[in-house]
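# Summary of the model geometry
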Amino acid sequence: MDEGRPEKESDKERRHGNLVLLVFFVIIVGISVWLVNALLDARHADECLTAGQRNCSPIEVPPR
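Here's a quick rundown of the structure. None of the values given here were measured: they were computed from a predicted structure.

### Looking at the state of the cysteines
Applying the stated criterion to the full structure yields 1 disulfide. A sulfur-sulfur distance of 2.0 Å marks the disulfide that ties Cys48 to Cys56. Taking the torsion about the sulfur-sulfur bond, which here is approximately -85°, the covalent link between Cys48 and Cys56 counts as left-handed. Relative accessible area serves as the criterion here: at 15%, Cys56 is assigned to the buried category.

Okay, here's the thing in structure tokens:
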């Protein structure tokens, strides 16, 4: 009757919205963990090369 008021959100819509937000945050956290690990690996390789060491990034060869 009152067209100015928005309809009340149902429980199903609220659960759906919460699920979408949860998936979004899990993806953001996963990307963040991956990025931190990549930066740590790059830092380790940079420190190894700066120290003048060899074999900083070994190549794994499968056994014969």
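### Considerations on the pattern of salt bridges
Applying the stated criterion to the full structure yields 2 salt bridges. When the shortest N-O distance is used, the salt bridge between Arg14 and Asp11 registers 3.0 Å. Residue Arg14 and its partner Asp11 are both found in helix α1 (residues 11-50); the two are separated by 3 residues, about one turn of the helix. For Arg43, the salt bridge identified is with Glu47, shortest N-O distance 3.3 Å. Placement of the pair is Arg43 and Glu47 together in helix α1, with a separation of 4 residues, close to one helical turn. You can call Arg43 exposed: its relative accessible area is 51%. Under the relative-accessibility criterion, Glu47 is labelled partly exposed at 45%.

Calculation rules
Residues numbered from 1 in each chain as written. Predicted model: local features only at pLDDT ≥ 70, side-chain atom pairs only at ≥ 80, totals over all residues. Heavy atoms only, no water. Disulfide = S-S within 2.5 Å. Buried < 20%, exposed > 50% of the residue type's maximum accessible area, 1.4 Å probe, protein only. Salt bridge = Lys/Arg side-chain N within 4 Å of Asp/Glu carboxyl O. Helix = DSSP H or I, 4+ residues; strand = E, 2+ residues; numbered from the N terminus.

Shape is all these values report; function is a separate question.
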